[in-house]
Each structure stands twice: as structure tokens, then as C-alpha cells.
Number of protein chains: 2
Amino acid sequence: MVNYNKIPQATAKRLPLYYRFLNNLHIQGKDRVSSKELSNAMKVDSATIRRDFSYFGALGKKGYGYNVDYLLGFFRKTLDQDENTPVVLIGVGNLGTAFLNYNFTKNNNTKIEKAFDADPSKVGKKIGNIQVYHVDELEEQIGDIHVAILTVPVAEAQPMADRLIESGVKGILNFTPARITVPNDVRVHHIDLAVELQSLVYFMKHYPLEEIE
Amino acid sequence: MVNYNKIPQATAKRLPLYYRFLNNLHIQGKDRVSSKELSNAMKVDSATIRRDFSYFGALGKKGYGYNVDYLLGFFRKTLDQDENTPVVLIGVGNLGTAFLNYNFTKNNNTKIEKAFDADPSKVGKKIGNIQVYHVDELEEQIGDIHVAILTVPVAEAQPMADRLIESGVKGILNFTPARITVPNDVRVHHIDLAVELQSLVYFMKHYPLEEIE
DNA sequence: GTGAATTAGTGAATTATTTCACGACTTTTC
DNA sequence: GAAAAGTCGTGAAATAATTCACTAATTCAC
Ligand SMILES: NC(=O)c1ccc[n+]([C@@H]2O[C@H](COP(=O)([O-])OP(=O)(O)OC[C@H]3O[C@@H](n4cnc5c(N)ncnc54)[C@H](O)[C@@H]3O)[C@@H](O)[C@H]2O)c1
Ligand SMILES: NC(=O)c1ccc[n+]([C@@H]2O[C@H](COP(=O)([O-])OP(=O)(O)OC[C@H]3O[C@@H](n4cnc5c(N)ncnc54)[C@H](O)[C@@H]3O)[C@@H](O)[C@H]2O)c1
């Protein structure tokens, strides 16, 4: 069996990308693919792809490549694509609204179920078919949801994270620039868009002509 | 002098984070800080911080720490914070609109100067004080701007990237799920939000109780 | 059916990054 | 002004990730 503890984090981060790409191939009706083709399409070295897959066993066939449907089915199980993961979104501002209007469920096992905001003028609306509640109702509405997207103003990030964790949240996708502090059974991924933009500019200036990432 | 070619990419990616954080300390009027304090606040190991800084020379003082203003001034120069980098945004949809409404210039040397969309109903407006042009005017309007944020539908990503590169763009922050192909003097950073969300869920399930990233 | 071409899987080498741990120096305390 | 405490900078070790390069298996072309 697959030993998940042995799967490198770098590999784990690429899995959703592989999954989505295989799903597209499947939709296109392609039934076979090689690590070289995958490499060209996803800009990941072909040896890295083969190595990544190999952590899950021998999924391909020498001289042939990988069977798209088989591989897809395998990853579906591995990534638990069958069961949907419900998510809440906190902070229906510029960024929050964009996310509510986007259908993550397409190609993805996550779904934003409920949104919360402190601004009464946003409460009660439906955006992208998702109901917006007042943040005061968080505790009664969150139910069994353990994943949150955090798009509140930076000053609210830590208090809101504390409150989410109090309500049973175990994973936070944090778009605020604040580096929030959490107990170590809670996972936080930071996506810092301003940093990403600045980072791109820095790399453009100082690492010309090289292949990076 | 600093040899930029010797600076690890992992370090380079953290620099904008350091910069922003130091800027906040400066605004708060703090004049000294240790790698330990920085570590707590930014969730980066203190040895990693000291190592990162050390690529730029001996910026601190033993037994004391770092002088906030000195360090900030140093990074300002290093990250070229003095000169503003102009940016264009292509695709004024959900995500694009959110970015136009956000002031990246705060704490940051980048500024979205112009936006482009193919939808005539969006053209001519100002969003977040940024003028929206028709994408047909791209070539005449882009001038000396070499950085683009790409928030168009996935099918438009590659053709639009080609067109941007044709117009002199050297760096693209790509929010579409497409892994675009570019000449190797052009840098692309992909931010794949659906993948990030799925990745968070995967890590929650399979890497419980560990400190990651 | 046969030889050429293709391609997965992987041991080993390489490269990149993080972390430990300690000497050197500075500041603080009394 | 001496001792204690704090903290940087860094060599070396540890860990993580990527890439090379080869073998073995399979497919493909004819
Ligand atoms: N918009 C961007 O492009 C962008 C870019 C980089 C970073 N960010 C970060 O993302 C976060 C959100 O940005 P935004 O532009 O969407 O901001 P925004 O001000 O448009 O939205 C914030 C929303 O949070 C709500 N809110 C405030 N306090 C709340 C609370 N306690 N509980 C629930 N909701 C609350 C506000 O009513 C508002 O609707 C900010 O931290 C910002 O720094 C945004
Ligand atoms: N909104 C999200 O939360 C989200 C999340 C993950 C990924 N994405 C990706 O980001 C991209 C944008 O998402 P969105 O929700 O903002 O989409 P959207 O449909 O709201 O916006 C796309 C915009 O691009 C414009 N456009 C179309 N063709 C164009 C062209 N050739 N030139 C210029 N403009 C053009 C459209 O008129 C529209 O305004 C998509 O690729 C999407 O997959 C979005």
C-alpha cells in the first residue's frame, strides 16, 4: 500500500495539478499519455513526474506510458475526489466576491458552502449562489465544515482565525498579509498576492534567462 | 558587493515578505529587531532568516540584532523599491476587478497602470482608478510596461500570453489554470488558486500534526 | 516475427535548502 | 568594570528535492 508519510511535500503539492490535467485529457478523450507529454504540458521535468507517480506504485507501462483513465481513477481515490470537502469563506469583499463567483467544484472536490461578512449590507444576499451570513452567526452556521478561506482585512485576520479554530476549523487558506499563529493541529497556507507580484519583478531583474519554477 | 547569482531562489522568494514586515516595524516606530522576533512573526526559522540576510553581507550586530531602519533602507535598495514597476492587467472579470480595487502600491513598488478587456461593456470604465481599455488597443497602449497580470478565461491564456510577449512583456503573473509556454527570456509565475485549495485539503488529510511551510 | 523505437521505474549523483550548534562580539546588569 | 545574557554569522551536518542515465519491458513498423 501507499505510505503517505513517505510522499515528499513537493510531490504532494503537485498532485492536484496532475489530477486536473489528467481530467482534461480524459475529457478530451485521450486514453494514453507519456511522462514526456505531461512534462511539456505542465512544465515539470519528466523524471520528476515519473518519480512522483512512483511513490504510489507502478502506475505506467514501459514503452507505452500511462493509461489516462486508470491514472485518473487512481488519483481520484488518492485525492479523495469522490467526497466533497465543504468550505466557508470569511470576508465578502473584492477578493471574497471573486471567489464566490468562481466554481471551484469544477475539476475539484471543494465547494464553498457558506460565506460570512461583518457588513450588514452584504448579509442576506446570495453571491454565485452562495448565501452570505452575518459573521455573528458563524458558530451556529459552520456545522461540520473544517476548511476556511480567509479574505478579511489584515487586522481581522488573527482574531478571525482564532474564532474559526474555536469553531473546529482545521485548515485555513489565508489571503491576508498577516502571518497568523495557530495551534499545530491546524494547517494554514498563506497566499500573499502582493508578495507574489513583487517576487516576480525581483526574479525578472535578477535571474534573467534562467528557467525557474 | 552582493552577488545576486549566489542568492538561492528560496531566499529570493522570501525577500518581499521581509521587506513588508520591516516596513511595518518601521511604521510602528520600532528601531531594533532580532532574528528570533522576526521568526515568530513571519513563521520562518530564525537560522533561515539570518542565513538569508547574510547573503547580502553582515547587516546585523551581535548581541543586538538588526537595526530596522538600516535593514529597511538596505532592502529598499536591493529590491529596487525606489523605482516603481508599472504593470498591466488583462481580463477585468471577477479576479481582475478585485485586483484593480486593491492598492498594491501600498508597501510595494508595483502599480497596475492600465487594464484591458475584450468585453465592450467593460471598456472605458475606471475601476479602482485604473482605466480599462479594449484589448485591441493593447499594442498601442502598453508602452514600456513589461509586467502583466493575466486573469482571462483559461482558453485565452496562451494566445494572450503570446501577444503580450510580442508587445515586449517579460514577466507574467498567470492566474489561469493553463500552464503557458513562453520563450526562456520571459518569466512566468503561476498562481493556481484551485490547486492551492485542493492542496490544503490534501495536506490536512495526510500530514496531520506536522509543521509545514 | 523481428528489429528499432519508445518509455517507465529507479539507483545514484547532484543540487538546493534548512537546521544545528558554537565562536565571537555586544549589550545589559549590577 | 566585570559577569551574564543576548544574538549574529557561519561551517558543517542534515534533510529534501531534482535530475541523470541506464535497464527492462513494451510497442510499433513492416
Ligand atoms: N483584493 C486584492 O486584490 C488583494 C490582494 C492582495 C491581498 N489582499 C488581501 O486580502 C484581504 C481581502 O482583500 P479585499 O480587497 O477583498 O478587501 P475588502 O475590504 O474588499 O474585503 C474585506 C471584507 O471583509 C469584511 N469584514 C471585515 N471585518 C470582518 C469580520 N470581522 N468578519 C467578517 N468579515 C469582515 C468587510 O466587510 C469586507 O467585505 C485583505 O487582507 C487584503 O490585504 C487582497
Ligand atoms: N475567480 C476566481 O476565484 C478564480 C479562481 C481560480 C482561477 N481563476 C482563473 O482566473 C481566470 C479569470 O477568472 P475570473 O473568475 O475573473 O473570470 P471572468 O470570466 O470573470 O473574467 C474574465 C475576463 O476576461 C475577459 N476576456 C475574455 N477574453 C479576453 C481577451 N481575449 N482579452 C482580454 N480580456 C478577455 C472577459 O471579458 C472577462 O471580463 C480564469 O482563467 C479562471 O480560471 C479564477
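Scroll up a little and you will see the structure.
Keep in mind that what you see is a predicted model, and the values were worked out from it rather than measured.

(A) Broad picture of the site of ligand 2. If you check the shell around ligand 2, you find 25 residues, and the closest are Asn94, Leu95, Asp117, Lys122 and Val152 of chain B. Near ligand 2, the surrounding residues belong to chains A and B. The separation between an oxygen atom of ligand 2 and a polar side-chain atom of Asp117 of chain B is 2.5 Å. Burial of ligand 2 by the protein amounts to 85% of the accessible area it has alone, namely 820 Å². Listed by contribution, the elements that provide at least two residues to the shell around ligand 2 are helix H5 (94-100) of chain A together with helix H5 (94-100) and helix H7 (154-166) of chain B. The greatest single-element share of the shell around ligand 2, amounting to three residues, is contributed by H7 of chain B. Within the shell around ligand 2, the residues separate by chemical class into 16 nonpolar, five polar and four charged.

(B) Representation of helix H2 (residues 35-42) of chain B. Residues and elements named next belong to chain B. Looking at H2, one finds that the buried residues are Ser35, Leu38, Ser39 and Met42. Projected down its long axis, H2 carries its buried residues within an arc of 105°, all on one side. Away from the buried face of H2 by more than 90 degrees, exposed residues Lys36 and Asn40 are located. Tucked inside the fold, the buried residues of H2 contact helix H1 (9-27), strand E1 (32-33), helix H3 (46-54) and strand E2 (66-67). Of the residues flanking the end of H2, it is Lys43, one or two places downstream, whose phi is positive at about 60°.

(C) Representation of the relation of the copies chain B and chain A in the model. Under the fitted operation, chain B is carried onto chain A by 0.0 Å of movement along the axis and a turn of 180°, and the coordinates agree to an RMSD of 0.0 Å. Given the turn and translation reported, the copies of this chain are related as if by a two-fold rotation axis. Of all interface residues in chain B, 100% are interface residues in chain A too; the two copies therefore contact each other through one and the same surface.

(D) View of unusual backbone geometry. A positive phi angle is found at Lys43 of chain A, which is not glycine, with a value near 60°. Here Lys43 of chain A lies in the loop between helix H2 (35-42) and helix H3 (46-54). Residue classification places Lys43 of chain A among the partly exposed positions, given a relative accessible area of 35%. The phi angle at Asn129 of chain B is positive, at roughly 70°, despite the residue not being glycine. Note that Asn129 of chain B resides in the loop between strand E5 (126-127) and strand E6 (130-134). When its relative accessible area of 64% is taken as the criterion, Asn129 of chain B is described as exposed.

Calculation rules
Numbering of residues starts from 1 in every chain and runs along the sequence as written. Each chain is given a letter, starting from A, and each ligand a number, starting from 1, according to the order in which they appear as written. Local features in this predicted model are restricted to residues whose pLDDT is 70 or higher, and side-chain atom pairs enter the listing and the counts only when it is 80 or higher, whereas totals over whole chains, interfaces and linings include all residues. Calculated side-chain values reflect all of the structure's heavy atoms, with hydrogen atoms and water omitted. Nearness is defined per residue: one heavy atom within 4 Å of the molecule or strand is enough. Definition of a polar contact: a pair of N or O atoms within 3.5 Å, with one able to donate and the other able to accept a hydrogen when the atoms are protein atoms, and with sequence-neighbouring residues admitted only if both atoms are side-chain atoms. Accessible areas in this description were obtained via Shrake-Rupley with a 1.4 Å probe; residue shielding takes into account the shown protein chains only. We count a stretch as a helix when DSSP gives it H or I for four or more residues in a row; a strand needs E for two or more, and each element gets its number in order from the N terminus. Each residue is assigned to one of three groups, with Ala, Val, Leu, Ile, Met, Phe, Trp, Tyr, Cys and Pro labelled nonpolar, Asp, Glu, Lys and Arg labelled charged, and all others, Gly among them, labelled polar. Exposure categories follow from relative accessible area, calculated using a 1.4 Å probe and restricted to protein chains: below 20% of the type maximum is buried, above 50% is exposed, and the middle band is partly exposed. Directions are taken from the helix axis to each C-beta atom, and the arc is the one they span. Any pair of residues with heavy atoms lying within 4.5 Å of one another is described as a contacting pair. A least-squares fit on C-alpha atoms brings the copies together, and the residues used are those whose pLDDT is at least 70 in both copies.

Honestly, it's all geometry; don't read function into it.
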